[in-house]
Amino acid sequence: LDNELYRNIQKKIIDALDEAKYVTVKGMGDNRTDMKVMLHEIKDKEKETNFENCVADVNIPVGEVFTSPVLAGTSGILHVSGVYLRGLYFKDLEIKFKDGCIEDYKCANFITEEDNKNYIKQNIMYNNDTLPIGEFAIGTNTTAYKFARKFDIADKLDILIAEKTGPHFAVGDTCYSYDEDNDTFNFDGKRHIAKENEISSKRKTDPDKAYFSCHTDITLPYDELGEIRAVREDGTGVTIIENGRFVLPGTEELNKPLDE
């Protein structure tokens, strides 16, 4: 896929997101997702950004925009009807977050609630009692999404492909673990300011509590996605995705693979 095409489209998404105080993510149909994602305060919008513009020079394949959310106020329910994580299938996975950390969780793989909880705790939470949201991202690779659906191979996709096929939340460490203090920039020269959260910031005072040595991406597919909306301080906002389609002006090209 064309790196420059995706880079320019993703810049439009980032420009809209950088106007926001928080982002709402909602499912549609039977999907129960209802998340509020708090963003870091940008003090200089000409020079700073919350989201990394990720194309194939950073992470093969293109494309996504991602950030490390503010944990305080980031709350809600993430639900996926079915998802493969490191080769394991999770049916009807639901995770409840409060202030950016896992508060409760369930799935429908097994008969008993205890077995389902143990399955999640072992294979997503790595036996931690809770984990923070380390990443919020919007995957833009609709071609990979359509490809996986057409040939029914979602279970075979490497996570680097799967995470690009819709918005996703990662639980565990941020994308910038152990690299928070090195400046990084988008192609437009804007510096990434969202490189840590309230937990990873403990690396300077209590490093044993700053990292979890895990990072698990949970992707919400486009066909279960009702809305992603960037909400400003005054309550107004702009919709980026609605009913599984990109609706932000300048992003229409991303819908072409979905309509083929």
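Nothing here was measured: the structure is a model prediction, and the numbers come from that model.

This part takes up the side chain of Thr 67. Relative to the helices and strands, Thr 67 resides in strand S5 (residues 64–67). Under the relative-accessibility criterion, Thr 67 is labelled buried at 1%. In contact with Thr 67, not counting residues within four places along its chain, are Leu 39, Asn 50, Phe 51, Gly 134, Glu 135, Phe 136 and Ala 194.

Once that is clear, we can look at the nonpolar core. Membership of the largest hydrophobic core comes to 51 residues, with the highest contact counts inside it found for Leu 17, Val 25, Leu 93, Ile 138 and Ile 240. Discounting residues that sit within four places of it in the chain, Leu 17 has contacts with Val 23, Leu 39, Phe 51, Val 65, Ile 138, Ala 230 and Ile 240.

A separate point is the state of the cysteines. On inspection of all chains with the given rule, the structure shows zero disulfides. Cys 214 provides the cysteine sulfur closest to Cys 107, a residue in no disulfide bond, and the two sulfurs are 17 Å apart.

Moving on to helix H3 (residues 142–151). If you check which residues of H3 are buried, you get Thr 142, Ala 144, Tyr 145 and Ala 148. Seen end-on, H3 carries its buried residues on one side only, within an arc spanning 160°. Among the structural elements, helix H1 (3–17), helix H4 (159–162), strand S15 (245–246) and helix H5 (256–259) are those in contact with the buried residues of H3. Directly after H3, the chain includes Asp 152, whose backbone phi takes a positive value near 55°.

What follows concerns the environment of Lys 36. By the secondary structure assignment, Lys 36 is in strand S2 (residues 34–38). Since its relative accessible area comes to 35%, Lys 36 is described here as partly exposed. Taking C-alpha positions, Lys 36 is 24 Å from Ile 9, a pair spaced 27 residues apart along the chain.

Attention shifts here to unusual backbone geometry. Despite not being glycine, Arg 86 has its phi angle at roughly 50°, a positive value. Mapped onto the secondary structure, Arg 86 falls in the loop between strand S6 (70–85) and strand S7 (88–98). Among the residues examined, Arg 86 registers a relative accessible area of 55% and is labelled exposed. For Asp 92, which is not glycine, the phi dihedral falls at a positive 55°.

Here we have five strands laid out as an open sheet, ordered S4-S5-S9-S10-S12, and antiparallel in their pairing. Of all strands in the sheet, those with a lone pairing partner are strand S4 (52–54) and strand S12 (215–219), marking the two edges. Mean inter-strand twist for the sheet, computed between neighbouring axes without regard to direction, equals 25°. With five bridges connecting them, strand S10 (residues 167–172) and S12 associate as antiparallel partners. The residue of S12 that forms the bridge with His 168 is Thr 219. With respect to the sheet, H1 is in contact with S4, S5 and strand S9 (133–139), its orientation differing from that of S4 by roughly 160°.

Quick notes on the rules
- Residues numbered from 1 in each chain as written.
- Predicted model: local features only at pLDDT ≥ 70, side-chain atom pairs only at ≥ 80, totals over all residues.
- Heavy atoms only, no water.
- Helix = DSSP H or I, 4+ residues; strand = E, 2+ residues; numbered from the N terminus.
- Buried < 20%, exposed > 50% of the residue type's maximum accessible area, 1.4 Å probe, protein only.
- Contact = heavy atoms within 4.5 Å.
- Core = buried A, V, L, I, M, F, W, Y, C linked by side-chain atoms within 4.5 Å.
- Disulfide = S-S within 2.5 Å.
- Arc of directions from axis to C-beta.
- Pairing = 2+ DSSP bridges.
- Axes fitted to C-alpha atoms, helices over the stretch in contact; angles between N-to-C directions.

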